[in-house]
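Listed below are the residues making up each chain.
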Amino acid sequence: MSEIVVDKLTHTFGKGGLEALTVLENIDLKFEDGSFTSIVGTSGCGKSTLLKMMAGLFDPSDGQMTLDGELIKGTDRRRGMVFQQDAVFPWMTVAKNISYGPRLRGASVTEQREVEAKWTEMVGLKGFEDRWPRELSGGMRKRVDIGRVYANDPDVLLMDEPFGALDAQTKERMQSDLLEAWRQSKKTVIFVTHDLEEAIYLSDKIIVMSARPGRVHHIEEVTLPRPRTDEMRLTDEFIQIKRRLWAMLEH
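All residue numbers refer to positions counted from 1 along the written sequence of the respective chain. Local features are withheld for residues below a pLDDT of 70 in this predicted model, meaning they are given only at 70 or higher, and side-chain atom pairs are given and counted only at 80 or more; totals for whole chains, interfaces and linings count all residues. Each side-chain value is worked out from all heavy atoms of the structure, with water and hydrogens disregarded.

Student: Looking at this model, I keep getting lost on the pattern of salt bridges. Mind explaining?
Tutor: Salt bridges are counted wherever a side-chain nitrogen of Lys or Arg sits within 4 Å of a carboxyl oxygen of Asp or Glu. For the coordinates displayed, the defined rule picks out 20 salt bridges. R215 is the partner of E25 in a salt bridge, and the nearest nitrogen-oxygen pair spans 2.4 Å. With E25 in strand β2 (residues 21–31) and R215 in the loop between β9 (205–209) and β10 (216–221), this residue pair connects regions lying 190 residues apart in the sequence. Relative accessible area serves as the criterion here: at 38%, R215 is assigned to the partly exposed category. A salt bridge links E197 to K242, with the nearest nitrogen and oxygen atoms 2.9 Å apart. Of this pair, E197 sits in helix α7 (residues 196–202) while K242 is found in helix α8 (residues 236–249), placing the two residues 45 residues apart along the sequence. Where salt bridges share partners, they join D68, R78 and D155 into one cluster. A run of DSSP states H or I qualifies as a helix once it reaches four residues; a run of E qualifies as a strand once it reaches two. Both are numbered from the N-terminal end. Remark: exposure states derive from per-residue accessible area (1.4 Å probe, protein chains only) relative to the maximum for the residue type, with buried under 20%, exposed over 50%, and partly exposed in between.

See below:
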C-alpha cells in the first residue's frame, strides 16, 4: 500500500503574525495506491506547497497528511521528490548519481551495479553510464533525476513541474518514458504541472485548485484508455477535457 490522505489541511505562512498568508485552505484529498494524479491551478494557488508538505519538507499549520495511516512528519525514503530544476550531483557520473540512494543505505557493489543497469536503461540513458552531468542535455539530466529517485525505491513519487524547462519535443518524449516507468513500477505518482495537455496525457485523475488560498475546485476523472499515445492528444475527448479545465482555470 502507498496511499496518501490529506485531511482538513490548511496552511498559513507566518500564522499568528501581522503578515500571515494563507495559501491552502480546507484540503481533503486521497491519492490511491498505484494511481497517477496531477494537480493543476494558477500560479500561487499552493500546488507546490502541497507537494512539498507531502514530501515532509515542512508541516502544515493545520490538519494533517498520512501515508498508509502513518502521519507524515519529515522526509523519508518512502517518498521521493523530483523538482523542476535538476538536482544531479556534478561530481558523480550518471551511474553513480542513479545509485546514490542505495549506496548511502549500504548496498553492496553488486546491488549498486544492478540498480545502475536497470534504471539507466529504464530512463533511456543506457550507454551514458560513465558520462558527467556537464556532458548531458537538460532533458538527459532530468532523466538522471528521475532514475535516481526511482532507484531509491520510494512508494510515492512526487514531481514538481519536472519537465517545465524542456522544449516541447523533449517534454513529450519524457512524458511517454515516465508513463512506461510508472507502468512497470506501479508507484503512486503525484505530479504538479501548469500544462493541461501534460496533465491529461499522464493522469488517471486531475485535481484543479482554485486561486489562493488554494482549495479543491474540481476533480477530473480521465477515462482515456491506456496505454496512452500521442495521437490521443488530437481526439475529441482529449480536447473536450482540455476545454473544460481551461474554463475552470479562467474563473
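Student: Explain the pairing of strand β6 (residues 79–82) here, please?
Tutor: Here β6 shows a buried face lined by R79 and M81 and a second buried face lined by G80 and V82. For β6 and strand β7 (residues 156–160), the ladder comprises four bridges, and the chain directions are parallel. Bridging across to β7, G80 finds its partner in L157. Strand pairing is assigned whenever DSSP identifies at least 2 bridges connecting the two strands.

Student: What is the right way to read the sheet that holds β7 from this model?
Tutor: In any sheet, the strands associate via hydrogen bonds between backbone groups, in a parallel or an antiparallel arrangement. With mixed pairing, six strands are arranged side by side in an open sheet as β6-β7-β8-β3-β9-β10. Where the open sheet ends on each side, the last strands, each with one partner, are β6 and β10. Each strand of the sheet is rotated relative to its neighbour by a mean of 15°, with strand direction disregarded. The pairing of strand β3 (residues 36–40) with strand β8 (residues 188–192) spans four bridges and is classified as parallel. The partner of S38 across the bridge, within β8, is F191. Residue contacts are counted whenever heavy atoms from the two residues lie within 4.5 Å of one another. Each axis is a line fitted through C-alpha atoms, and for a helix only the stretch in contact is used; angles between axes span 0 to 180 degrees, taken between their N-to-C directions. Against the sheet, α8 engages β9 and β10, with an angle of about 180° to β10.

Student: Before we go on, may I ask you to explain the side chain of T37 in this structure?
Tutor: Structurally, the position occupied by T37 is in strand β3. Residue classification places T37 among the buried positions, given a relative accessible area of 3%. For T37, the contacting residues outside a window of four places in its chain are F31, V189, I190, F191, S203, K205 and I207.

Student: I tried to follow unusual backbone geometry on my own but got confused; where do I start?
Tutor: A negative phi angle characterises most non-glycine residues, just as the trans form characterises most peptide bonds. In this structure, P213 follows R212 across a cis peptide bond, with omega equal to -5°. Looking at where P213 falls in the secondary structure, it is placed in the loop between β9 and β10. A cis geometry characterises the amide bond from R226 onward to P227, with omega recorded as 0°. By the secondary structure assignment, P227 is in the loop between β10 and α8. Non-glycine residue N26 carries a positive phi angle of around 55°. Here N26 is to be found in strand β2. In this structure, D68 is a non-glycine residue whose phi angle is positive, near 50°. Tracing the sequence through the fold places D68 in the loop between β4 (62–67) and β5 (70–71).

Student: What's the story with empty space enclosed by the protein in this structure? I'm lost.
Tutor: It is a probe the size of a water molecule, rolled over the atoms, that shows where empty space is left. Cavities and pockets were defined on a 1 Å grid built over protein atoms only: a cavity is a set of grid points that admits a 1.4 Å probe from which the probe cannot escape, a pocket is an open set flanked by protein on both sides within 12 Å along at least five of seven lines, and lining residues are those with an atom within 4 Å of any such point. Grid points are joined across faces, edges and corners, and a volume is the space filled by probe spheres set on the points. Within this structure, the stated rule accounts for one cavity of 30 Å³ or more. Roughly 60 Å³ of internal volume is contained in the largest cavity. The wall of the largest cavity is formed by M122, V123, R143, I146, M174, D177, L178 and A181. Looking at the lining of the largest cavity, the elements with two or more residues in it are α5 (138–151) and α6 (168–185). The element best represented in the lining of the largest cavity is α6, accounting for four residues. Looking at the lining of the largest cavity residue by residue, the classes come out as six nonpolar, no polar and two charged. Source of the domain bounds: an automatic or database domain assignment. Counting residues domain by domain, the lining of the largest cavity receives three or more from each of domain 1 (1–78 + 157–233) and domain 2 (88–153). Polarity classes work like this: nonpolar for Ala, Val, Leu, Ile, Met, Phe, Trp, Tyr, Cys and Pro, charged for Asp, Glu, Lys and Arg, and polar for all others, with Gly in that last group.

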